[in-house]
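Understanding the architecture of this molecule
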Amino acid sequence: MSVVGFDIGNDNCVIAVVKQRGVDILLNDESKRETPTVVCFGEKQRFLGSAGAASALMHPKSTISQVKRLIGRKFSDPDVQNDLKMFPVETSEGPDGGILIHLKYLKETHTFTPVQILAMLFAHLKTITEKDLGTSVSDCVIGIPSYFTDLQRRAYLNAASIVGLRPLRLIHDCTATGLGYGIYKTDFPSLAPIHVAFIDIGHCDTQVSIAAFQAGKMKILSHAFDRSLGGRDFDEVLFTHFVAKFREQYSIDVYSSAKACTRLRAACEKLKKVLSANSEAPLSIECLMDEKDVKGNIKREEFENLASGLFERICIPCNKALADAGLTVEKINSVELVGSGSRIPAIARLLTALFKREPRRTLNASECVGRGCALQCAMLSPAFRVKEYEVQDSIPFSIGLSSDESPICAGSTDVLFPKGQSLPSVKVLTFQCRNFLHLEAFYANPNELPPWTFPKISRFTIGPFHGSHDCKMKAKVRVQLNLHGIVRIESATLIEDHVDDSATADDHHSNFEAMDVESHSETVVNDTKYTVNKKSGSPHTSADGSRKNKANRRVHVEVSESIYGGMTEDEMLKAQEKELQLTQQDETMELTKDKRNSLEAYVYEMRTKLFNTYRNFASEQEREGISRGLQETEEWLYDDGDDETLHAYSAKLEDLKQLVDPIENRYMDEEARAQATRDLLGSIVEHRMSADSLPLQNKEQIINECNKAEQWLREKMQQQDSLPKCSDPVFWSSDIKSKTEEFNLVCQRILGSKGSPISEDTQNTSNHQGRQ
């Protein structure tokens, strides 16, 4: 069983696996620890990961990167529109308001959703993992940003499901980082907690979490974030600066060329890394566009001035995380800085001033999330034994539940799962009802959400309810906030309360009233059950305080769910079929490439062997014919055959082999024939020696067969010696092997008529016993 953790970053992915000796980061086909989050569509196949990044310049308008920014978001979102301006691919708005990506592939325009593109990345990471582990992979844990909405979390699960992965948990990035940080430490106290701030500045976002550590457990106290502040935003500052500079200095508009934009953004990213360790850095790109080479340089101080607005935003999520956790900076024992965008010196200075301590870098900035995901997968999997360690995560948004647009109270607030609610959690609500029960989950506080987030989550229909006429129907609904951070109704149960007095029995026709009629709600958090009374009296006491004798009957009720903006089952099936077709096409193209390479290698190999190794075994006419065939095939390969089908390459290779195989067979058979000759002669000698101990009649028969076999071999060898090597042999090694088998069979038959040969020791023993 596999134990795998996937960190799907905006720019790169990391695969971590748990093995007996610890957590390993897997290498991709280029032996790199990080795999680019890129999908590129060529003319006939897809290029994923590193291959996609390498092909991006050749196919800029068919290359999708940073798909993490598009998952579960609306096309009309202003942030999405800003992101799409950076991508040269063609996009449009879907029927549900989502994003559709249009790509040229196999001479047709294909339409994909961000979920399908993400599924392609999952498939590529799965292939890398299975190749390394040598086994199939299904169970995994996937890291996600804490600001992901319910829809975005479901999108990740759908993308994984399309390619056959089964996520055991979606874990927040900072939670995974904290798990990797805390599980190996043994110096945490058992009473007073140690507070650690984890600041993850990634490629496209900044996440801050405050965690409390004690011996054997970790609790996340708060999550805060800036969804649009990451390393790429600092790259964009440099990009914008040099676009303006090159427009003035070289009279070129980089924005007019998708390829030039891609190259300049890549150069700016490298420039930013150089400035992290140097006070000044040069930039030079050959033939950026219009056949012009460009050069420039920038000082760190100038870069920090250009990005001053971004630096000011760094402290905002930090202060918010502290406020939500109810802590001051003095109570923070350590600050851990991770993420690919965290290496800028100015960021470290800002955080030092804020927390009054220098941030530490004890964790691998790029791999810590993947390692934490793998550890969490090992803790959830029965395949590994991991030391007891409690991970208590929380949800960063308040979630409410309404019935016919009316909020449902849970406790003393209008929120079912408040911000900071631990994962997983279950709350049990009881309703009086008839026919159907309609519930809707929503985000209760829009101010907590990222901008432009749709507040509605999903709608549940419970029922129909079929009860007897002499009972009062109640529905007990278990609402779950699961490990993934997704709201779902785990179950619904119809409870028929048969009561003694007629006044209460007549109430079963009234519709449910979530606020007033609900007598109590039960909340189960971490397997602990709490009952919150809405009215005075116990759950078994009526409004007037009188008790009634009840006979309850519980019936499971069907629950259907409709997710706002989510994928339907039919869409999932179509996405799986589409992914299967694309995978088969990729495999066909890989086989075609392999066959073409085999044909090309065969041409060069046979040309060398024909005039060296095989020279004496081919006639002049054969050499001329083969040379002509090799030359024609080579010209075809680099002309019309440069882009052909698998069948065409196979046919060409078969035609060449029909010409070369006779010569190759002669060469190969010469050595095999010599060995077969030695084997036959050895068998003849062996049988002659064993014949001395046989009766006279059997001895003569064996000797006669040996002579016949020897005579046959001598005649054939004489005939063969009279022929040139370029002619087919008179007899092949297979003929000699058949003769050897026939000879041995005849000799065994002769020996069988007498019985098996008796050794000299056996004869002496028998004679000795006879004399006694």
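Everything below is about the structure printed above this text.
Residues numbered from 1 in each chain as written. Predicted model: local features only at pLDDT ≥ 70, side-chain atom pairs only at ≥ 80, totals over all residues. Heavy atoms only, no water.

**Some words on the pairing of strand S16 (residues 280–289)**
- Pairing geometry for S16 and strand S17 (residues 292–299), over seven bridges, is antiparallel. Looking at the pairing, glutamate 280 lines up with lysine 299 of S17.
- Between S16 and S17, which follow one another and run antiparallel, lie two residues, and aspartate 290 among them has a positive phi close to 55°. (Pairing = 2+ DSSP bridges. Helix = DSSP H or I, 4+ residues; strand = E, 2+ residues; numbered from the N terminus.)

**Some words on the sheet that holds strand S19 (residues 390–394)**
- Strand order in this open sheet of six strands is S18-S13-S14-S15-S19-S22, and the pairing throughout is mixed. Each edge of the sheet is formed by a strand with only one pairing partner; in this case those strands are strand S18 (334–338) and strand S22 (422–423).
- In the packing of helix H10 (residues 345–355) onto the sheet, contacts are made with strand S13 (194–201) and S18, and the angle to S13 comes to roughly 155°. (Contact = heavy atoms within 4.5 Å. Axes fitted to C-alpha atoms, helices over the stretch in contact; angles between N-to-C directions.)

**Looking at the sheet that holds strand S5 (residues 38–41)**
- Strand order in this open sheet of three strands is S6-S5-S7, and the pairing throughout is antiparallel. In the strand order of this sheet, the two ends are held by strand S6 (46–48) and strand S7 (63–65), each with one partner. Each strand axis lies, on average, 15° off the axis of its neighbour in the sheet, ignoring direction.
- Two strands pair when backbone bridges link them, and S5 and S6 are joined in this way by three bridges, in the antiparallel orientation. By the bridge assignment, phenylalanine 41 is partnered in S6 with arginine 46.
- Sheet strands touched by helix H3 (residues 114–133): S5, S6 and S7. Its angle to S5, the strand with the most contacts, is close to 105°.
- This element, helix H13 (residues 569–610), spans S5 and S6 of the sheet and lies at about 95° to S6.

**Quick word on the pattern of salt bridges**
- In this structure the tally under the stated criterion is 42 salt bridges.
- The residue glutamate 367 makes a salt bridge to arginine 371 at a minimum N-O spacing of 3.4 Å.
- Note that aspartate 728 is salt-bridged to arginine 666, the shortest N-O span being 2.9 Å. Of this pair, aspartate 728 sits in the loop between helix H16 (696–721) and helix H17 (733–754) while arginine 666 sits in helix H15 (residues 646–691), and the two are 62 residues apart along the sequence.
- Among the charged side chains, a salt-bridge network with shared partners connects Arg73, Asp77, Asp79 and Arg227. (Salt bridge = Lys/Arg side-chain N within 4 Å of Asp/Glu carboxyl O.)

**Topic: a negative patch on the surface**
- Side chains of Glu632, Glu635, Asp639 and Asp640 sit close together on the surface and give a patch of like negative charge.
- You can call aspartate 639 exposed: its relative accessible area is 53%. (Patch = residues over 30% accessible without salt bridge, like charges linked within 9 Å, V, L, I, M, F, W, Y side chains within 5 Å. Areas by Shrake-Rupley, 256 points an atom, 1.4 Å probe, with all protein chains shown as cover. Lys, Arg positive; Asp, Glu negative; His and termini not counted. Charge placed at Lys NZ, Arg CZ, Asp CG, Glu CD. Buried < 20%, exposed > 50% of the residue type's maximum accessible area, 1.4 Å probe, protein only.)

**Observations regarding the packing of helix H9 (residues 308–325) against H10**
- Taken N-terminus to C-terminus, the directions of H9 and H10 make an angle of 35°; their axes are 10 Å apart at the nearest point. At the point where H9 passes H10, the crossing takes the right-handed sense. From H9, Phe311, Ile314, Cys315, Cys318, Asn319 and Leu322 reach across to H10, where they touch Ala346, Ile347, Leu350, Leu351, Leu354 and Phe355.
- Residues belonging to the contact of H9 with H10 are distributed by class as follows: 11 nonpolar, one polar and no charged. (Left-handed = near helix turned anticlockwise from the far one by under 90°. Nonpolar A, V, L, I, M, F, W, Y, C, P; charged D, E, K, R; others polar.)

**Re the packing of H3 against H13**
- Relative orientation of the contacting elements H3 and H13 amounts to 50°, with a least axis distance of 11 Å. One finds that H3 runs oblique with respect to H13. Our pair here, H3 against H13, has a crossing hand that is right-handed. Along its contact with H3, which presents Gln116, Met120 and Ala123, the element H13 presents Ala575, Lys578, Glu579 and Leu582.
- Its residues placed into classes, the contact of H3 with H13 shows four nonpolar, one polar and two charged. (Parallel < 35°, antiparallel > 145°, perpendicular 65-115°, else oblique.)

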